[in-house]
There are 4 protein chains.
Amino acid sequence: MNFISDNAYGASPEILAAVMAAADGTAVSYGEDALTARVTARFSRLFLRDVAVFPVVTGTAANSLILSALCPPYGAVLCHEKSHIAVDECGAPEFFTGGAKLALIPGDGGKLTPGSIDTALRNFQSGVHSAKPSAISITQATELGTVYRPEEIAAIAERAHARGLKLHMDGARFANALVHLGCSPAELTWQAGVDALSFGATKNGALMAEAAIFFDPASARDFGLRRKRGGHLVSKMRFVSAQLDAYLEGGLWLRNAAHANALAKTLSGGLSKIAGVTIPHATEANAVLALVPDALAAKLRDGGAKFYDWSPSVEGRTLIRLVCSFATPDADVERLLDVARS
Amino acid sequence: MNFISDNAYGASPEILAAVMAAADGTAVSYGEDALTARVTARFSRLFLRDVAVFPVVTGTAANSLILSALCPPYGAVLCHEKSHIAVDECGAPEFFTGGAKLALIPGDGGKLTPGSIDTALRNFQSGVHSAKPSAISITQATELGTVYRPEEIAAIAERAHARGLKLHMDGARFANALVHLGCSPAELTWQAGVDALSFGATKNGALMAEAAIFFDPASARDFGLRRKRGGHLVSKMRFVSAQLDAYLEGGLWLRNAAHANALAKTLSGGLSKIAGVTIPHATEANAVLALVPDALAAKLRDGGAKFYDWSPSVEGRTLIRLVCSFATPDADVERLLDVARS
Amino acid sequence: MNFISDNAYGASPEILAAVMAAADGTAVSYGEDALTARVTARFSRLFLRDVAVFPVVTGTAANSLILSALCPPYGAVLCHEKSHIAVDECGAPEFFTGGAKLALIPGDGGKLTPGSIDTALRNFQSGVHSAKPSAISITQATELGTVYRPEEIAAIAERAHARGLKLHMDGARFANALVHLGCSPAELTWQAGVDALSFGATKNGALMAEAAIFFDPASARDFGLRRKRGGHLVSKMRFVSAQLDAYLEGGLWLRNAAHANALAKTLSGGLSKIAGVTIPHATEANAVLALVPDALAAKLRDGGAKFYDWSPSVEGRTLIRLVCSFATPDADVERLLDVARS
Amino acid sequence: MNFISDNAYGASPEILAAVMAAADGTAVSYGEDALTARVTARFSRLFLRDVAVFPVVTGTAANSLILSALCPPYGAVLCHEKSHIAVDECGAPEFFTGGAKLALIPGDGGKLTPGSIDTALRNFQSGVHSAKPSAISITQATELGTVYRPEEIAAIAERAHARGLKLHMDGARFANALVHLGCSPAELTWQAGVDALSFGATKNGALMAEAAIFFDPASARDFGLRRKRGGHLVSKMRFVSAQLDAYLEGGLWLRNAAHANALAKTLSGGLSKIAGVTIPHATEANAVLALVPDALAAKLRDGGAKFYDWSPSVEGRTLIRLVCSFATPDADVERLLDVARS
């Protein structure tokens, strides 16, 4: 019963098979191969416009490289105070941007709003004493398992662009958000004003594959140089591209995400009926945040469940995070609920 | 007939199989898994001492991260003017170190010598106006297909340590060098004075797997933080470790390198007998540098051979580079020589 | 009636005279001159131990360079959320450290406490996902005109050192704090556990002169290289050192600070008696933060007073900051109070 | 007899007087003062167009900040292998640019030429493996005491702009070059294609004052942020601007440079007549490079002359550098020549 993270699971068989298949013969290295070209074409079709696509192997790389292209060293990136870029990447955005600041914004459900952005922007003086606000980064789905609706994104994008800021979306769990909303990839990104997307696949069935996607390819002109000097240009790129290709093929990515989301819904629904449990945010993607009595948390662990304490215990209850993945067995959810109810 | 680079080929079946096998079940992410621990133990046995091992997916990452640990931002790294870190990594060492300098040193066969190092060091003033020489980086096997003997390395290490510099070895083709020399991994590294090694596997049969290895684990205390903020901590690390594990298992890495080296030897020997061809350096690893008449280069390409022009044509001859890999068919070498002789 | 900042005023006549005098003849450049050596000796006597002294011309340079020596690129500096390094230096600490994070801590009166530091440290996970807490920076006197007592500093230093962090003091207004407390420079710094001090002179009578001071000279071994590559090694250093020399000579620095502090006390006392005015923090140095009715703020400005709005108006009152300097005329304070009372 | 460097001397009386005068009263800090505005206007008149002017206190700051605006982190700056930015700034350009490379180009007399630039550019591959050539930096007057003629600069600028590179001029000794050529500041800079200039005053009579000048003010939009985060925005900026104002007033800068140049000419002419002395480059500015017998060098030093050994002794002769300044006494030159001849 592993609910620690969606990266605790291996990889989808289809993706593994694609990696195997990609090993045959020779190929041009450093991303100039046919498979990588096919992946770019796929993404362009998926997003209904020409996009620039840069496969990498970690979400931190995708996020940080994109932010370095959107925000100058003397700039600031506005983001949620609990966002992955702020608390889980050991300063990678600061490193890649050359020292830009992350301006941390609080907000319910892991989300930014036009209002909270306005408040944050007021903390920046004009002139040269404050860093220059240059980008906003939102996470879709959020770290708390909630999802931005396209109109919420559009409102943030409007704020951003009116002030000359770019909008980045950390889509480590983009598929989970998309499946929840039932809208198109285009609607959820550039049509709502997103400038660049970290498109995640690793957490949803790939071995290690993400893509930095720019909706205005011209803005990515020098991005390849950034990727290379970050050590993120894999020489045998076909092995990354093969993963992305299989991930998108025939809707595998959406099926995987639908599975994970459904389990999370079941889990969330089940837990919410247990005495003393509060589900503080809507369960919209594949993560369930639950405020549970410490005794219950202990019981779950004794029963074999693995999960993460999101916050330390307060007044006898702890906010735990349970993440379902593309490969989490249905039975694990039932078993965990059984333990919880017992 | 692909002799462009050893990264043009796919991956060894044993390594692919290991990746498949690693996909089962759940594992702790971010390198805390059992397979990664096993790989570290393997390397420690291999090198006859406890070593700190950090798997990453590119040689540029391994090199640059190590250099950032060995050289402060105000420091300088001495390296060959044709070394990969100097000419092929788009400034990654400068990026990761925070702006250290590479001091470029000329030298026959892609090698540094105590003498050339002394000359380079004399260019640094004491005081604060010059960057502080902090590390020396050598490539083993070199970019020109030659190999440092242990005593050559020891002489360089002595120079380095006497001046307070650390010695890094870029071992993207470490296996090829080792097989050529027939010595032990320990003799070729820390016993000769190497402080840290970029241990390459990608070019010699892995999909994407390298390891940053520190022979004094204490010196790598904070290296994990550097790897993480560089975006190089793969979440499903088992898929990288599985490659390294299979690579080392049962001597696969040495067999792969022996194959590549043998082909290169055959190629070099064959070409050297053709009129107008000069082999400027001993063929000690898996790359053949050959000065060939431009007409011959054209004939080879017309005949279906792919290779890289190392230097532009001078007086009717071009220095071409032909690289053999773990998977290059024997027949390709024969065929290329047939074309050349025809 | 200029109360905008203490840097609105020129320079003390004694310091100007010293600059003139320093212009005669030739001197060794880049800080190897006799005057600079004299200044180092002076500081060592002042602090009752050998210290390493690096004159620079801005407080931002002193702060950022010191932080780059105390905190690695993958580290974090804990500081008050309103501190100068956090809000007024356009990301200089991030730039000089190579991308370290500032962890912003709230707190009354612009101060950190052991408790608020503990809370902040709990936000850092162990492992590699969080930046590594490496230094604490406190401002003395604070941006809000309050002063840390030696025992408060010692309690913070104890916390810092127990966790392996270094303690930096931004002493842009060190003289004002010292004069308020009446203790010795040693008691206020290294004897309380401070590792490095940005010693300010510019705001208190110099033209442009600050000193980065390390209480353990060995820890500053490579600091000169950092200063040089930051472009902060003034070639004709004697012109900076002459300022510091005259500043310390015969207690000028303490007289200047005493003047500024006394005026601030008068100002604060006078304002506190006016209806609707609140002085939220003790006036311990040369800055007065006052919460004043907006009408009063307007009246003061109409009457010719210049000052800074520290926070935007809330419920009809604005927090204004009035700073007195070494050269603020006594009459200006009286006049401002007259206007206020009228 | 101090010929070590032009920064060994103090400052012109007119400049010292201006600093004194600037100390009166209050002024807006951080460069928003009237004197700084006057300096910008002066430079705009001087260069016959609107220019953006950013006073700083060191040449390293001016150079590095400008290069960071002209060259991205993944870029390369082409410069002479003996240029100040390459050998005397401890990696400041690498630091400020965020890790860009300096591509070192050899060349007679410390000069770049279109031909040597072409050769250097051929070393850069297209694609992502090489850093992107982004700027060229030339020194005027050069470190070897030679001067670029406007048409030489124009030829370099043409090369630069045709390839999308920007042209920077390190004008630490701009006045000396200008006086030698007798042309206008505009002819020597933007009319010849220079994009940005480090305008030096320190070596030619100021205490510490340089200006980063952009000939297209639009290109300097964010430069103020860079200066601030580099710690190079002096709070009491009037004390820097006062120096620049007096420096330009009434042609002081040109008189100072003319004095230095004339002495250098005398020195060069005198030395060239001494047996065994070779003057390898034309003496066009205020520095004399002379290849002298080691015995002569020793005799000069015994006679009280101070100067710098530019290169180590080869075959009994050493290349020494003798620099004359705005304040070098005529008698010192005569005395040195007397010693040399004796």
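First, a word on scope: everything that follows refers to the structure included in this document. Throughout this document, residue positions are counted from 1 along each chain, in the order its sequence is written. Naming scheme: in the order in which they are written, chains are lettered from A and ligands are numbered from 1. For this predicted model, a pLDDT threshold of at least 70 governs which residues receive local features, and a threshold of 80 or more governs which side-chain atom pairs are given and counted, while totals over whole chains, interfaces and linings are taken from all residues. The side-chain quantities take in all heavy atoms of the structure and omit both hydrogens and water.

### Regarding the interface of chain D and chain A
Interface size is commonly expressed as the accessible surface area that is lost when the partners come together. Here, residues are in contact when the closest pair of their heavy atoms is within 4.5 Å. Listed by partner, the interface residues are 18 residues for chain D and 18 residues for chain A. Across the interface of chain D and chain A, roughly 1,600 Å² is buried in total on both sides, 60% from carbon and sulfur atoms. We count a salt bridge whenever a side-chain nitrogen from Lys or Arg sits within 4 Å of a carboxyl oxygen from Asp or Glu. Our count for the contact surface shared by chain D and chain A stands at two salt bridges. In this structure, Lys132(A) engages Asp222(D) in a salt bridge whose closest nitrogen and oxygen atoms are separated by 2.9 Å. When residues in the side of chain D that touches chain A are grouped by element, the largest group, five residues, is from helix α10 (residues 223-229) of chain D. Classification convention: Asp, Glu, Lys, Arg as charged; Ala, Val, Leu, Ile, Met, Phe, Trp, Tyr, Cys, Pro as nonpolar; all other residues, Gly among them, as polar. For the side of chain D that touches chain A, the per-class residue count stands at six nonpolar, six polar and six charged. Simply put, the buried area is the total loss of 1.4 Å probe accessible area from both parts when two parts are fitted together. The helix count covers DSSP runs of H or I at least four residues long, the strand count covers runs of E at least two residues long, and both are numbered beginning at the N terminus.

### Quick look at the relation of the copies chain B and chain A
For the least-squares superposition of copies, only C-alpha atoms count, and only for residues with pLDDT at least 70 in both. Least-squares fitting of chain B to chain A yields an RMSD of 0.0 Å, with the superposition described by an axial translation of 0.0 Å and a rotation of 180°. Between the two chains, the operation in question is that of a two-fold axis. If distances are taken from each C-alpha of chain B to the rotation axis, the shortest is found for Gly230(B), at 3.6 Å. The fraction of interface residues of chain B whose copies in chain A are also interface residues reaches 100%, indicating that both copies meet through the same surface.

### Focus: the packing of helix α1 (residues 13-22) of chain B against helix α11 (residues 238-248) of chain B
Residue and element names in this part refer to chain B. Angles run from 0 to 180 degrees between N-to-C directions of axes, and those axes are lines fitted to C-alpha atoms, restricted for helices to the stretch in contact. Viewed as axis vectors pointing N to C, α1 and α11 meet at an angle of 140°, and their least axial separation amounts to 8 Å. Of the possible angle classes, the one that applies to α1 and α11 is oblique. Once α1 is placed against α11, the crossing between them reads as right-handed. Between α1 and α11, the contacting residues are Glu 14, Ile 15, Ala 18, Val 19 and Ala 22 on the first element and Arg 238, Phe 239, Ala 242, Gln 243, Ala 246 and Tyr 247 on the second. When grouped by side-chain class, the residues that make up the contact of α1 with α11 number eight nonpolar, one polar and two charged. Orientation labels follow simple angle bins: below 35 degrees gives roughly parallel, above 145 gives roughly antiparallel, 65 to 115 gives roughly perpendicular, and whatever is left gives oblique. Whether a crossing is left-handed or right-handed is set by the direction in which the near helix is turned from the far one by less than a right angle, anticlockwise for left-handed and clockwise for right-handed.

### Considerations on the sheet that holds strand β9 (residues 308-309) of chain A
Residue and element names in this part refer to chain A. The strand order β8-β10-β9 describes an open sheet built from three strands, whose pairing is antiparallel. Strands with a single pairing partner mark the edges of an open sheet, and in this sheet they are β8 (287-293) and β9. Together, β8 and β10 (317-323) form the strand contacts of helix α12 (residues 252-272), whose direction differs from that of β8 by roughly 20°. Sitting on the sheet, helix α13 (residues 294-302) is in contact with β8, β9 and β10, with an inclination near 120° to β8. Only strands joined by at least two bridges in the DSSP assignment are considered to pair.

### Notes on the interface of chain B and chain A
Every contact between the two is made by 49 residues of chain B and, on the other side, 49 residues of chain A. Summed over both sides, the interface between chain B and chain A buries roughly 3,800 Å², with carbon and sulfur atoms accounting for 63% of that surface. Looking only at chain B, the three residues that lose the most surface to chain A are Phe95(B), Arg229(B) and Lys236(B), adding up to 20% of its buried area. At the boundary of chain B and chain A, one finds zero salt bridges. We call two N or O atoms a polar contact when they sit within 3.5 Å, provided that within protein one can donate a hydrogen and the other can accept it, with sequence-adjacent residues counted only if both atoms are side-chain atoms. There are 23 residue pairs in polar contact (both at pLDDT 80 or more) connecting chain B and chain A. Counting only elements with at least two residues in the side of chain B that touches chain A, the list comes to α1, α3 (59-70), α5 (92-97), α10 (223-229) and α11 of chain B. Tallying contributions element by element places α11(B) first for the side of chain B that touches chain A, with four residues. Classifying every residue of the side of chain B that touches chain A by side-chain character gives 24 nonpolar, 17 polar and eight charged.

### A look at the pairing of strand β8 (residues 287-293) of chain C
Residue and element names in this part refer to chain C. Under the scheme applied here, a residue whose accessible area is under 20% of the maximum for its type counts as buried, over 50% as exposed, and between as partly exposed, the area being computed with a 1.4 Å probe on protein chains only. Of all seven residues in β8, five are buried; the element is thus mostly enclosed. Note that β8 and strand β10 (residues 317-323) share seven bridges and pair antiparallel. Following the sheet pairing, Val 288 is matched in β10 by Leu 322.

### Comments concerning the relation of the copies chain D and chain A
Least-squares fitting of chain D to chain A yields an RMSD of 0.0 Å, with the transformation described by 0.0 Å of translation along the axis and a rotation of 180°. Of the residues that chain D buries at the interface, 100% are likewise interface residues in chain A, meaning the two copies contact each other through the same surface.

### Notes on helix α11 (residues 238-248) of chain A
Within α11(A), 11 of the 11 residues are buried, which leaves it mostly tucked inside the rest of the structure. Those residues of α11(A) not exposed but buried are Arg238(A), Phe239(A), Val240(A), Ser241(A), Ala242(A), Gln243(A), Leu244(A), Asp245(A), Ala246(A), Tyr247(A) and Leu248(A).

### Some remarks on the side chain of Gln243(A)
In this fold, Gln243(A) is placed in helix α11. Apart from the residues within four sequence positions on either side, Gln243(A) is in contact with Ile15(A), Val19(A), Ala206(A), Leu207(A), Met208(A), Ala209(A) and Met208(B).

### Focus on the side chain of Glu284(A)
Residues and elements named next belong to chain A. With respect to the helices and strands, Glu 284 occurs in the loop between α12 and β8. Charged-residue counts in this description rest on Lys and Arg as positive and Asp and Glu as negative, His and the chain ends being excluded. Salt bridges are absent for the buried Glu 284, whose nearest opposite-charge side chain, Lys 111, sits at 4.6 Å. Excluding anything up to four places from it in sequence, Glu 284 contacts Gly 145, Thr 146, Val 147, Asn 176, His 180 and Asn 261.

### Re the packing of aromatic side chains
All names here are of chain C. Stacked, edge-to-face and tilted labels apply to pairs of Phe, Tyr and Trp rings (six-membered ring for Trp) whose centres lie within 6.5 Å, assigned for plane angles under 30 degrees, over 60, and everything in between, in that order. Under the criterion given, the structure shown has 62 aromatic pairs over all chains. Ring geometry for Phe 47 against Phe 174: centres 6.3 Å apart, planes inclined by 45°, an arrangement best described as tilted. Placement of the pair is Phe 47 in helix α2 (residues 34-47) and Phe 174 in helix α8 (residues 174-181), with a sequence separation of 127 residues. The exposure class assigned to Phe 47 is buried, which follows from its relative accessible area of 0%. Taking relative accessible area as the criterion, Phe 174 reaches 0% and is therefore assigned buried.

### Side note on the pairing of strand β2 (residues 75-80) of chain B
Residues and elements named next belong to chain B. Along β2, six of the six residues are buried, which leaves the element largely enclosed by surrounding structure. In this sheet, strand β4 (residues 132-139) lies alongside β2 in parallel orientation, the contact comprising five bridges. Bridge pairing in β4 links Val 77 to Ala 135.

### As for helix α6 (residues 114-122) of chain D
Residue and element names in this part refer to chain D. All buried positions along α6 are accounted for by Ser 116, Ile 117, Ala 120 and Leu 121. End-on, the buried residues of α6 take up no more than an arc of 140°, which puts them together on one face. Where α6 is buried, its residues contact β2 (75-80), β3 (101-105), β4 (132-139) and α7 (150-162). Here the arc refers to the directions that run from the helix axis out to each C-beta atom.

### Remarks on unusual backbone geometry
Gln140(B) connects to Ala141(B) through a cis peptide bond whose omega is -10°. By the secondary structure assignment, Ala141(B) is in the loop between β4 and α7 (150-162). The residue Leu48(C) is not glycine, and still its phi comes out positive at about 65°. Here Leu48(C) shows up in the loop between α2 and β1 (52-56).

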